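Geometric and topological summary
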Amino acid sequence: PILLSEPVGLALSLNIGISTLLSKGVGPVNYIGWIHPDMNFPQKDWLIKLVSYLERNLDCGKLSPENLRDPRVGDRPGNETPWLMPRKVLEELRNKYGFYFDPEYRGIGGYEDWDLIKSILDCGYTVMITGDTTIMHEGMATRRCTTQVSDPGFNSAYYSSKWGTNLPPV
C-alpha cells in the first residue's frame, strides 16, 4: 500500500500506481490496465485477446474491448474503459512528458483520459477499441461514489489551452 498524507486527484493517483507497478512489480510487467468496479466480464478470455491484439499491432498504444452497453461492430479508434497499454508506450510517455497522466487535472473524471489519448497519439500510436472482445461497463459508478468531485471548469480550460480544442481526440 501507498499512503499519502492528503487526497490527490485521479491523474496523480494513476501516475503513482503505474510507476509503482512498473518499478516494483512482481516479475516482468509488460502491460498495465484499468478496470472499474461497475464492470462485468461475460467473455472469459477478454484480457488474453487484448494482449494478443497488442502483440499483433505494435502501433497500438491503448486498447479497449467493445462495451456491450452500446455495441458497434469491428475495430475502430475510440476511448473506453477498461483499457490496456503496453509498457513501452507508458515508458515513452513518461520519458517525453514526465508523467503518464497529466497531474494538473483536478479530481476524478475530467479530461485526464482525453489528455492521455492526445499524448499517445502525439507519440505516433493509435488508440483503439476492438470488436474481438466484449465487456459490460455501466459507466459513471466511480464518480457517483466519490466525494472528490472533478473541477470541470478548470479541467476543460486546461485541456483546451494545452491542446487547442475541447473535443474528444477519438
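Below is a summary of the structure that appears in this document. (Residues numbered from 1 in each chain as written. Predicted model: local features only at pLDDT ≥ 70, side-chain atom pairs only at ≥ 80, totals over all residues. Heavy atoms only, no water.)

A few points about the overall build of the protein chain
The number of helices and strands found in the protein chain is six helices and six strands. The order of helices and strands in the protein chain, counted from the N terminus, is α-β-β-α-β-β-β-α-α-β-α-α. Principal-axis analysis of the C-alpha atoms gives the protein chain an extent of 40 × 35 × 35 Å. Across the 170 residues of the protein chain, 41% fall into the buried class. Here the analysis covers contacts within the protein chain between residues at least 6 apart in sequence; of these, 76% occur between residues at least 24 apart. Surface accessibility of the protein chain: about 9,100 Å² in total, with carbon and sulfur atoms responsible for 56%. Side chains of the protein chain carry 17 positive and 20 negative charges; the gap between the two charge centres is 1 Å. (Helix = DSSP H or I, 4+ residues; strand = E, 2+ residues; numbered from the N terminus. Buried < 20%, exposed > 50% of the residue type's maximum accessible area, 1.4 Å probe, protein only. Contact = heavy atoms within 4.5 Å. Areas by Shrake-Rupley, 256 points an atom, 1.4 Å probe, with all protein chains shown as cover. Lys, Arg positive; Asp, Glu negative; His and termini not counted. Charge placed at Lys NZ, Arg CZ, Asp CG, Glu CD.)

Here we look at the nonpolar core
Within the largest apolar cluster, 21 residues are counted, with the highest numbers of intra-cluster contacts made by Ile18, Leu22, Met85, Leu90, Leu93, Phe101 and Ile120. Counting only elements with at least two residues in this core, the list comes to helix H1 (10-24), strand S5 (83-86), helix H3 (87-97) and helix H4 (112-122). Here this core gets five residues from one element, more than from any other, and that element is H1. Other than its neighbours up to four places away in sequence, Leu22 contacts Val29, Ile32, Arg87, Leu90 and Tyr100. Counting nine residues, the second largest nonpolar core, distinct from the first, contains Leu50, Tyr53, Leu54 and Leu63. (Core = buried A, V, L, I, M, F, W, Y, C linked by side-chain atoms within 4.5 Å.)

Section: unusual backbone geometry
A negative phi angle characterises most non-glycine residues, just as the trans form characterises most peptide bonds. Between Thr81 and the following residue, Pro82, the backbone shows a cis peptide bond with an omega angle of 15°. Its place among the elements puts Pro82 in the loop between strand S4 (76-77) and S5.

So, the pairing of strand S3 (residues 60-67)
Counting buried positions along S3 yields eight of eight residues, so the element is predominantly enclosed. As paired strands, S3 and strand S6 (residues 126-137) are joined by seven bridges and run parallel to one another. Bridge pairing links Leu63 to Met128 in S6. (Pairing = 2+ DSSP bridges.)

As for the pairing of S6
Of the pairings in the sheet, the one linking strand S2 (residues 39-40) to S6 comprises two bridges and is antiparallel in character. Residue pairing across strands places Met39 opposite His137, the latter belonging to S6. By the bridge criterion, two bridges tie S4 to S6 in an arrangement that is antiparallel. Each bridged residue has a counterpart across the sheet, and for Arg76 the counterpart in S6 is Ile129.

Comments concerning H1
Counted at 1.5 Å a residue, the expected span for H1 with its 15 residues is 21 Å, and the 21 Å between its end C-alpha atoms agrees. For H1, the complete set of buried residues consists of Leu10, Ala11, Leu14, Asn15, Ile18 and Leu22. Axial view of H1: buried residues confined to an arc of 135°, hence all on one face. Facing away from the buried side of H1, by more than 90 degrees, are the exposed residues Ser23 and Lys24. Lining the buried residues of H1 we find strand S1 (31-34), H3 and H4. (Expected span 1.5 Å × (residues − 1). Arc of directions from axis to C-beta.)

Some points on the packing of H3 against H4
Between H3 and H4, the shortest axis-to-axis distance is 10 Å and the interhelical angle comes to 95°. Here H3 is positioned roughly perpendicular relative to H4, judged by the angle of their axes. The segment H3 lies against H4, with Leu93, Lys96 and Tyr97 engaging Leu116, Ser119, Ile120 and Asp122. Considered class by class, the residues forming the contact of H3 with H4 number four nonpolar, one polar and two charged. (Axes fitted to C-alpha atoms, helices over the stretch in contact; angles between N-to-C directions. Parallel < 35°, antiparallel > 145°, perpendicular 65-115°, else oblique. Nonpolar A, V, L, I, M, F, W, Y, C, P; charged D, E, K, R; others polar.)

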